[in-house]
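Structural description and commentary
Residue-level listing of the chains:
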Amino acid sequence: MSPDLVTFGETMARLENPAVGPMRHARSLDLGIGGAESNTAIGLARLGGSAAWFGRVGDDEFGRLITTALAGEGVRLDHTVVDGTAPTALLFKERRSGTLTRVQYYRTGSAGSRLRPSDVPHDLIRAARVLHVTGITAAISDTARQALDDAVETARNAGVPVSLDLNYRSALWTPAEAGERLHPLVKRADLVFATEQEARLVVSGGDPAALATALAALGPRDVLVKRGAAGAVAFCEGRLHVQPAHRVPVVDPVGAGDAFAAGYLAEFVRGLPVAARLATATAAGAYAVTVRGDWEGLPSRTDLELLKTAENDVTR
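An account of the accompanying structure is given in this report. The model shown is predicted, which means the values in this text are computed figures rather than measured ones.

Re the sheet that holds strand 11 (residues 191–195)
Pairing between the strands of a sheet comes from backbone hydrogen bonds, and it takes one of two forms, parallel or antiparallel. Pairing is mixed across the open sheet formed by eight strands, whose spatial order is 4-1-9-10-11-12-13-14. Whereas interior strands pair on both sides, the edge strands pair on one side only; in this sheet they are strand 4 (51–54) and strand 14 (239–243). Direction aside, neighbouring strands of the sheet carry axes that sit 15 degrees apart on average. Two elements, strand 9 (residues 130–134) and strand 10 (residues 162–165), share four bridges in a ladder whose sense is parallel. By the bridge assignment, L131 is partnered in strand 10 with V162.

What follows is the structure in structure tokens.
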């Protein structure tokens, strides 16, 4: 079957201290997985779509954890490569305070960073309803960036919409480097997701509306500027849209942007109007931040219906 979404990149094993405080004082660590692209694939799959993810994982227990978790969420992994000569990357999440989370990566020389153009499944991309990529893949290595360019060109030639989340990571490159690389990617994308800070890497603009309009002027038909608790501002199909966020207690903000993208794309591939896409995107983002973990809180369709009722209701 042709997938609704194809995405790729590096997914890592995630180690997180369960209590608030410096990592060095943790007596145990919770083990999970995290990766912007795979988070989005899981999010779309939970909303009833079909998603495929490809990338490289190590031939180790962390790599097996990643493939087991993704397969268990219904994400197709037919083209994922197990690299026997490089390890799966690690990320550490430290809850330094009740409101501050710090993330540290150990990904140099990892299996995921060794992604290359020969790993790109062109027929799978041509069959997709949307290709979703992120700026992270452009930053992790030269070969991964080449694979990204190859995948985007394949999608464009086949008439498959390209979705781009800028997803700037300061640990991987400088703002100047990111801006130089992301600008041409934005011009080749059909949908773009960015925070205000990320948008300013590529364009100038004072407020979110100006940033969205400036990004759209580069070519994308849909631009979504994510503002966290302030909601989102979008320039879609020639019009500005303002979408408020749901008020929910924030437990872990990591992964909220991936959830937003998953919700938007889930309705995009179904052909729903912009208002419905934004509503699902903000609802998905709200669910994501209420649970610890990068993707564990991503909602199902049933969850979305629950959020439309009183948020403090108890169902029995």
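After presenting the structure, the write-up continues.
Some words on the nonpolar core
Judged by nonpolar contacts, the single largest core of 46 residues is most densely connected at V6, F8, L131, V133, L166, L182 and V202. Ranked by the residues each element gives to this core, the list is headed by helix 5 (residues 142–158), at six residues. Dropping the residues within four chain positions of it, L166 is found in contact with G135, I136, L182, V186, V192, F193, A194, E198, A199 and V202. Membership of the second largest hydrophobic core comes to 41 residues, among which are A51, F260, Y264 and A281.

Points about the packing of helix 1 (residues 36–46) against helix 9 (residues 256–268)
In the contact formed by helix 1 and helix 9, the axes pass within 8 Å of each other and the chain directions differ by 45 degrees. One finds that helix 1 runs oblique with respect to helix 9. Of the two possible hands of crossing, helix 1 and helix 9 adopt the one that is right-handed. Together, A36, N39, T40, G43 and L44 of helix 1 and D258, A261, A262, L265 and A266 of helix 9 make up the contact between the two elements.

A short note on the sheet that holds strand 7 (residues 90–95)
Strand order in the open sheet made by the four strands is 3-2-7-8, with mixed pairing throughout. Of all strands in the sheet, those with a lone pairing partner are strand 3 (30–34) and strand 8 (101–106), marking the two edges. Adjacent strand axes in the sheet meet at a mean angle of 25 degrees, parallel and antiparallel pairs treated alike. Note that strand 2 (residues 12–16) and strand 3 share five bridges and pair antiparallel. Paired with A13 across the bridge in strand 3 is I33. Packing against the sheet, helix 2 (residues 61–72) makes contact with strand 2, strand 3 and strand 7, and its axis sits at approximately 65 degrees to strand 3.

A short note on the environment of R46
Here R46 shows up in helix 1. Look past the residues within four positions of R46 in its chain and what remains in contact with it is E73, W295, E296, G297, L298, P299, S300 and R301. Within the structure, R46 has its side chain in polar contact with the backbone oxygen of L298 (distance 2.7 Å).

Looking at helix 2
In this model helix 2 runs 16 Å from its N-terminal to its C-terminal C-alpha over 12 residues, within 8% of the 16 Å that 1.5 Å per residue would give. Buried-residue contacts for helix 2 involve strand 2, strand 3, helix 1, strand 4 and strand 5 (56–58). Downstream of helix 2 by one or two residues, G74 has phi in the positive range, about 85 degrees.

Details of the side chain of D258
Structurally, D258 is set in helix 9. It is R169 that comes nearest to the buried, bridge-free D258 among opposite-charge side chains, at 5.4 Å. If we skip the residues at most four places from it in the chain, D258 touches A36, N39, T40, D165 and N167.

Brief notes about the side chain of D60
Here D60 lies in the loop between strand 5 and helix 2. In this structure, D60 is buried with no salt-bridge partner, the nearest side chain bearing the opposite charge being R64 at 6.1 Å. Here the side chain of D60 touches G63 through a polar contact of 2.7 Å, landing on its backbone nitrogen. Within the local environment of D60, its side chain forms a polar contact with the side chain of T88, the two groups lying 2.8 Å apart. Contacts of D60, omitting those with residues within four sequence positions, involve P87 and T88.

Remarks on the packing of aromatic side chains
The relative placement of two aromatic rings is captured by the distance of their centres and the angle of their planes. In this structure the tally under the stated criterion is four aromatic pairs. The interplanar angle of 80 degrees and the centroid separation of 6.3 Å between the aromatic rings of F193 and F260 together place this pair among those described as edge-to-face. You can see F193 sitting in strand 11 and its partner F260 sitting in helix 9, a full 67 residues away along the chain. Taking the relative accessible area as the measure of exposure, F260 reaches 7% and is therefore buried.

Observations regarding the packing of helix 9 against helix 10 (residues 274–289)
Following both chains from N to C, one finds helix 9 and helix 10 inclined at 150 degrees, their axes separated by 7 Å at the closest point. Taken as axis vectors, helix 9 and helix 10 run roughly antiparallel relative to one another. Seen along the crossing, helix 9 lies across helix 10 with a hand that is right-handed. Within the contact between the two elements, helix 9 uses A256, A259, F260, G263, Y264, E267 and F268 and helix 10 uses V274, A276, R277, L278, T280, A281, T282, A284, G285, A288 and V289. For the contact of helix 9 with helix 10, the class distribution of residues is 12 nonpolar, four polar and two charged.

What counts, and at which threshold
Residues numbered from 1 in each chain as written. Predicted model: local features only at pLDDT ≥ 70, side-chain atom pairs only at ≥ 80, totals over all residues. Heavy atoms only, no water. Pairing = 2+ DSSP bridges. Helix = DSSP H or I, 4+ residues; strand = E, 2+ residues; numbered from the N terminus. Axes fitted to C-alpha atoms, helices over the stretch in contact; angles between N-to-C directions. Core = buried A, V, L, I, M, F, W, Y, C linked by side-chain atoms within 4.5 Å. Buried < 20%, exposed > 50% of the residue type's maximum accessible area, 1.4 Å probe, protein only. Contact = heavy atoms within 4.5 Å. Parallel < 35°, antiparallel > 145°, perpendicular 65-115°, else oblique. Left-handed = near helix turned anticlockwise from the far one by under 90°. Polar contact = N/O pair within 3.5 Å; in protein donor to acceptor, adjacent residues only side chain to side chain. Expected span 1.5 Å × (residues − 1). Lys, Arg positive; Asp, Glu negative; His and termini not counted. Salt bridge = Lys/Arg side-chain N within 4 Å of Asp/Glu carboxyl O. Phe/Tyr/Trp six-rings, centres within 6.5 Å; stacked < 30°, edge-to-face > 60°. Nonpolar A, V, L, I, M, F, W, Y, C, P; charged D, E, K, R; others polar.

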